[in-house]
Amino acid sequence: MMKVGIVGMPNAGKSSLFNALSQAGAEAANYPFTTIEPNVAVVPVRDDRLEDVAQTVGASNIVWDTIEFHDIAGLVAGAHQGEGLGNKFLANIRETDALLHVVRAHHDDNVIHPEGKVDPASDMETIETELIYADLESAERRHARVVRDARSGDRAAVAEEAWLREVIEALQSGRPVRSIPVPQDAPDAARNLSPLTGKPVLFVANVDEGDDAVPSVVADHAAAEGAAAVAVSSRLEAELSELDDEDAAAMRADLGGSESGLDRVVRSAFGLLDLIAFFTAGEAKPAQSWHLRSGLSAWHAAGQIHTDIQKGFVRAEVIGWKQLVESGGYAGARDRGVLRLEGRDYLMTDGDVITVKFTP
Ligand SMILES: Nc1nc2c(ncn2[C@@H]2O[C@H](COP(=O)(O)OP(=O)(O)OP(=O)(O)O)[C@@H](O)[C@H]2O)c(=O)[nH]1
Ligand SMILES: [Mg+2]
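Residues numbered from 1 in each chain as written. Chains lettered and ligands numbered in written order. Predicted model: local features only at pLDDT ≥ 70, side-chain atom pairs only at ≥ 80, totals over all residues. Heavy atoms only, no water.

Participant: Quick rundown of the overall build of the chain? Include the residues and the values.
Facilitator: A tally of regular secondary structure across the chain gives 14 helices and 12 strands. In terms of overall dimensions, the chain is globule-like: its C-alpha atoms have a radius of gyration of 23 Å, near the 21 Å expected for 360 residues. With respect to the three principal axes, the spread of C-alpha positions in the chain is 65 × 65 × 35 Å. Burial statistics for the chain: of 360 residues in total, 48% are counted as buried. If you take every contact in the chain between residues at least 6 apart in sequence, the share linking residues at least 24 apart comes to 69%. Surface accessibility of the chain: about 17600 Å² in total, with carbon and sulfur atoms responsible for 48%. In the chain, which carries 33 positive and 57 negative side-chain charges, the distance between the mean positions of the two groups comes to 9 Å. (Helix = DSSP H or I, 4+ residues; strand = E, 2+ residues; numbered from the N terminus. Rg over C-alpha atoms; globule rule 2.2 N^0.38 Å. Buried < 20%, exposed > 50% of the residue type's maximum accessible area, 1.4 Å probe, protein only. Contact = heavy atoms within 4.5 Å. Areas by Shrake-Rupley, 256 points an atom, 1.4 Å probe, with all protein chains shown as cover. Lys, Arg positive; Asp, Glu negative; His and termini not counted. Charge placed at Lys NZ, Arg CZ, Asp CG, Glu CD.)

This is how it looks when you write it as structure tokens:
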């Protein structure tokens, strides 16, 4: 499961977007969590391919993989110094895989802007500066600790210490942590720091209702950072999420849009990490979707499903989802000879359906 932190200025529209997302999540049939904090929304990632697979093999139900969104309060300039409790909020999203940066681009005069005027370029810069300061503070703290271990000559500590010095220098000159490659001798250095400016970012331009183009000032800024951008009206999405599907679709059509802005956000957030989808499915059992960084093996896929399955990995039966559907199920696939036996090093491909044989 992927975790995404939502950042942005106060009143940018973060919670409206979050509410729309959590409404979408609350409707999911298979809600894998019993308790969840009020600022965490779990959203299913739907995939038509799995619906076909589930129907073909006669699965009992479908369990979607999910994305978790974390809403935090708006950041103001000076948040890193404890202004507006920003530091505490930032700590809450250190463990996420990616950031969603909500930028106000709508012109509703009834909504107060903390700086008194709508200026996406300056807002994005304010937030990025706060993220950089927050990282600088944790990098300095981490450096003070690692420098002691480095003195003892520990190879990983020496490499991490040197990396941290570079990181601190980069941050001081306003560059993100992602611009400094992690040293081979200290592969855990990035995880130890979990820098906010090391995470991929999706810019969400919160535009006027009925508008669905990303304003060029946001698009250009995102492009300059190699980041993605989407346009959404947070308020509209929050309102639509209160309606049932049919009414929401009708209202969306009235406004001239087709695709749900939420779908766009979920899909783009997902695209931030280089992930492939794979499925598990069997007769009278739940069909499930999973995600894995591309370039990983069947053994890694097994680890996503369960650590015990990974530990006892013997071999895997693998088939592309389409081949499985075209064969009418596993028996047909076996007859046609398209159900393959693969070992632990098999490289997983997007859309694979896998059954892991393991010794408990
Ligand atoms: N017109 C319009 N108003 C919006 C839109 N998105 C949010 N608003 C309004 O802006 C105000 C603030 O929205 P929130 O979603 O609470 O903003 P936030 O970013 O969570 O704010 P903080 O939590 O204070 O940082 C609310 O009154 C929303 O209804 C939008 O797309 N269009
Ligand atoms: Mg909020």
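Participant: Explain the side chain of Ser-289 to me, using residue names and the numbers behind them.
Facilitator: Within the secondary structure layout, Ser-289 lies in strand E9 (residues 286-293). Within the structure, the side chain of Ser-289 is placed 2.8 Å from the backbone nitrogen of Asp-65, a separation counted as a polar contact. Setting aside anything within four residues of it in sequence, one finds Ser-289 in contact with Val-45, Leu-50, Val-63, Trp-64, Asp-65, Phe-278 and Phe-279. (Polar contact = N/O pair within 3.5 Å; in protein donor to acceptor, adjacent residues only side chain to side chain.)

Participant: Describe the packing of helix H4 (residues 120-151) against helix H7 (residues 216-224), naming the residues involved and giving the relevant values.
Facilitator: Where H4 meets H7, the axes come as close as 9 Å, and the angle between the chain directions of the two elements is 35 degrees. Contacts between H4 and H7 involve Pro-120, Ala-121, Met-124 and Glu-128 from the former and Val-217, Val-218 and His-221 from the latter. Tallied by class, the residues present in the contact of H4 with H7 amount to five nonpolar, one polar and one charged. (Axes fitted to C-alpha atoms, helices over the stretch in contact; angles between N-to-C directions. Nonpolar A, V, L, I, M, F, W, Y, C, P; charged D, E, K, R; others polar.)

Participant: Can you explain H4? Please cite residues and give values.
Facilitator: Between its terminal C-alpha atoms H4 stretches 46 Å, which fits the 46 Å expected from 32 residues at 1.5 Å a residue. One or two residues past the end of H4 sits Gly-153, with phi positive at roughly 90 degrees. (Expected span 1.5 Å × (residues − 1).)

Participant: Please provide a residue-by-residue account of the site of ligand 1, values included.
Facilitator: Inspection of the region around ligand 1 gives 19 residues, with Asn-11, Lys-14, Ser-15, Ser-16 and Asn-206 positioned closest. Separating an oxygen atom of ligand 1 from a backbone N or O atom of Asn-11 is a distance of 2.8 Å. With respect to ligand 1, the side chain of Asp-108 contributes an N or O atom lying 2.9 Å from a nitrogen atom. Computed on the free molecule, ligand 1 has an accessible area of 650 Å², of which 78% lies beneath the protein chains in the complex. When contributions to the shell around ligand 1 are tallied by element, the ones reaching two or more residues are helix H1 (14-26) and helix H8 (234-240). In terms of residue count, H1 provides more of the shell around ligand 1 than any other element does, three residues in total. In the shell around ligand 1, the residues fall into six nonpolar, nine polar and four charged. (Near = heavy atom within 4 Å.)

Participant: Outline the layout of surface pockets, supporting the account with residue identities and numerical values.
Facilitator: By volume, the largest pocket is sized at about 880 Å³. Around the largest pocket, the lining comprises 32 residues; the ones closest to its centre are Pro-44, Arg-46, Ser-260, Leu-262 and Asp-263. Counting only elements with at least two residues in the lining of the largest pocket, the list comes to H1, strand E2 (40-44), H8, helix H9 (245-254), helix H10 (261-271) and strand E8 (275-280). For the lining of the largest pocket, the element with the highest residue contribution is H10, accounting for six residues. A per-class count over the lining of the largest pocket returns 17 nonpolar, four polar and 11 charged. Along its surface, the second largest pocket is lined by 15 residues, and Thr-96, Asp-97, Ala-190, Arg-191 and Arg-293 are the ones closest to its centre. (1 Å grid on protein atoms, 1.4 Å probe; cavity = no way out; pocket = protein on both sides within 12 Å on 5 of 7 lines; lining within 4 Å. Points joined across faces, edges and corners; volume = space filled by probe spheres on them.)

Participant: Help me get a handle on the confidence of the model for the chain, residues and values and all.
Facilitator: This prediction gives the chain a mean pLDDT of 89; 92% of its residues lie at or above 70. Helix H3 (residues 86-92) is the least confidently modelled element of the chain, averaging 72 in pLDDT, while helix H13 (residues 321-326) averages 98, the highest of any element. Overall, residues 28-36 carries pLDDT values under 50, and its contacts beyond four positions in sequence, including any with other chains, amount to 13 contacts. (pLDDT = per-residue confidence, 0-100.)

Participant: How would you summarise the sheet that holds strand E7 (residues 228-232) if you had to cite specific residues and measurements?
Facilitator: Within the open sheet, the six strands sit side by side as E2-E4-E1-E5-E6-E7. Their pairing is mixed. A single partner strand is all that each edge strand has here, and the edge strands are E2 and E7. Sheet twist, expressed as the mean angle between neighbouring strand axes with direction ignored, is 25 degrees. Taken together, the five bridges between strand E6 (residues 201-206) and E7 define a ladder with parallel strand orientation. By the bridge assignment, Val-204 is partnered in E7 with Val-230. Lying on the sheet, H4 is in contact with strand E1 (2-8), strand E5 (98-104) and E6; it crosses E5 at an angle near 145 degrees. Helix-sheet contacts for H10 involve E1, E2, strand E4 (66-71), E5, E6 and E7, and the interaxial angle to E7 is about 170 degrees. (Pairing = 2+ DSSP bridges.)

Participant: Requested: an account of the pattern of salt bridges, with residues and values cited.
Facilitator: What the rule picks out here adds up to 13 salt bridges. Each of Asp-47, Arg-49 and Asp-350 takes part in one network of salt bridges that share partners. (Salt bridge = Lys/Arg side-chain N within 4 Å of Asp/Glu carboxyl O.)

Participant: Summarise the domain arrangement of the chain; cite the residues concerned and give the values.
Facilitator: In terms of domain boundaries, the chain breaks down into domain 1 (1-44 + 66-274) and domain 2 (295-358). Between domain 1 and domain 2, the C-alpha centre-to-centre distance is 34 Å. (Domains from an automatic or database assignment.)

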